Amino acid sequence: MKHHLLFTVVLALLASAQGLAQAQDRMYRCDNNYYTNSLTDPKALNCKLVEGGNVTVVQGTRPQPANTATAPGAPVRVATAPQSGTQPGQRVDAGDQRARDSDSKLILDAELKKAEARRQELAQEYNNGEPEKRGDEARNHQKYLDRVAELKTSLQRIDNDIAGIRRELGRSGGNAAQAR
C-alpha cells in the first residue's frame, strides 16, 4: 500500500511537471510586441509562435503625466539662458568684437605653445621610434612595443591638434599660423 501511494505521488508530480513544461513550451509574439503563452486563436491577433530560447518580458516604467498644476490653456514659462551683453541678431560693437578676437587669439596662441611643448617632449621620448627601455620593459618586450605604439599615436594626435590650432589662428587673422 505504501508503494502504491508513493507511486501515485510520483506520477502526479511528473504529470504536473509535464504540464508546466508544456505551458512554457509555446510562446507567441504578436504584432504589437506583446508576448503571450495563452492564446485561443493566435491568427486572430496576428501572433506567431516563437521558436527556441526562452523569452523574458520585463515591464518598463510608465511615463509620468505632464505637470497638471498649471491651468489648461495657461501660458507656459520656458527657462532661458542668462542674458549676455547682446541679443541674438543684434550687432556687436566693433570695439567689443576686436577685444573678443584679441582674447581668442591670445588663448589660441597659449594653446599652440602648450601643444608644441608637449610635442617636443613626446618626440624626445619617442626618439625616432626607439625610446629607451624602462626597467620593467627589459624583461617584457611586449610592454616596450605597446609603449612605442602609444607614443607614436600620441605624436600623431598632438600633430593633428597643432594643425587645428594653426588653422583656427589663420581664420582669426593671427600671424602665428604663417610664422610656423
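Note that the structure is a prediction, hence the values are computed from the model and not measured. Once a new chain begins, its residue numbering starts again from 1 and follows that chain's sequence as written. In keeping with the model being predicted, local features are shown solely for residues with a pLDDT of at least 70 and side-chain atom pairs are shown and tallied solely at 80 or more, while totals for entire chains, interfaces and linings include all residues. For the side-chain quantities, the full set of heavy atoms in the structure was used; hydrogens and water were omitted.

*Asks:* Tell me about the state of the cysteines, and please be specific about residues and values.
*Replies:* Only a pair of cysteine sulfur atoms within 2.5 Å counts as a disulfide in this structure description. One pass over the structure, following the stated rule, counts one disulfide. Paired through a disulfide, Cys30 and Cys47 show a sulfur-sulfur distance of 1.9 Å. Here Cys30 and Cys47 share a disulfide; its torsion about the S-S bond, 95°, makes the bridge right-handed. Of this pair, Cys30 sits in strand β1 (residues 27-30) while Cys47 is found in strand β3 (residues 47-50), placing the two residues 17 residues apart along the sequence. Accessibility here uses a 1.4 Å probe with only protein chains present; expressed as a share of the type maximum, an area under 20% marks a residue as buried, one over 50% as exposed, and anything in between as partly exposed. Accessibility expressed as a relative area gives 4% for Cys30, which makes it buried. The secondary structure listing takes helices from DSSP runs of H or I that are at least 4 residues long and strands from runs of E that are at least 2 residues long, numbered from the N terminus.

*Asks:* Provide a residue-level description of the sheet that holds β1, including the pertinent values.
*Replies:* Pairs of strands are assigned from DSSP output, requiring at least two bridges between the strands. The antiparallel open sheet is built from three strands, whose spatial order is β2-β1-β3. Each edge of the open sheet is held by one strand with a lone partner, namely β2 (35-36) and β3. As paired strands, β1 and β2 are joined by two bridges and run antiparallel to one another. Considered in β2, the bridge of Arg29 is made with Tyr35.

*Asks:* Which residues make up the environment of Leu155, and what values do they have?
*Replies:* With respect to the helices and strands, the residue Leu155 is situated in helix α3 (residues 141-171). Between the alpha carbons of Leu155 and Ala123 there is a distance of 7.1 Å; along the sequence they are 32 residues apart.

*Asks:* Tell me about the packing of aromatic side chains, and please be specific about residues and values.
*Replies:* Any two of the Phe, Tyr and Trp rings considered here, Trp counted by its six-membered ring, make a pair once their centres fall within 6.5 Å; the pair's planes then place it as stacked at under 30 degrees, edge-to-face at over 60, or tilted in between. Inspection of the entire model under this criterion finds zero aromatic pairs. Between the NZ or CZ atom of Lys133 and the centre of the ring of Tyr144, over which it lies, the distance is 5.1 Å. A positively charged side chain is recorded as over a ring if its NZ (Lys) or CZ (Arg) lies within 6 Å of the ring centre. The angle to the ring normal must also be within 35 degrees.

*Asks:* Tell me about unusual backbone geometry, residues and numbers included.
*Replies:* Phi at Asn127 takes a positive value of approximately 55°, unusual for a residue other than glycine. The exposure class assigned to Asn127 is partly exposed, which follows from its relative accessible area of 39%. Its identity is not glycine, yet Asn128 carries a phi of approximately 55°, on the positive side. Within the element layout of this structure, Asn128 appears in the loop between α2 (94-126) and α3.

*Asks:* Quick rundown of the environment of Ser102? Include the residues and the values.
*Replies:* Among the structural elements, Ser102 can be located in helix α2. Accessibility expressed as a relative area gives 37% for Ser102, which makes it partly exposed. In sequence terms Ser102 and Ser172 are 70 residues apart; their C-alpha atoms lie 9.1 Å from each other.

*Asks:* Please set out the nonpolar core residue by residue, giving values where relevant.
*Replies:* The biggest cluster of nonpolar side chains holds 13 residues, and the ones touching the most others in it are Ile158 and Ile165. Of all elements in the fold, only α2 and α3 reach the threshold of two or more residues within this core. At eight residues, the largest contribution of residues to this core is made by α3. Residues contacting Ile165, with those up to four places away along its chain left out, are Leu108, Glu111, Leu112 and Ala115. Among buried residues, the Ala, Val, Leu, Ile, Met, Phe, Trp, Tyr and Cys ones that are joined through side-chain atoms within 4.5 Å form a nonpolar core. Whether two residues touch is decided by their heavy atoms; if any such pair falls within 4.5 Å, the residues are in contact.

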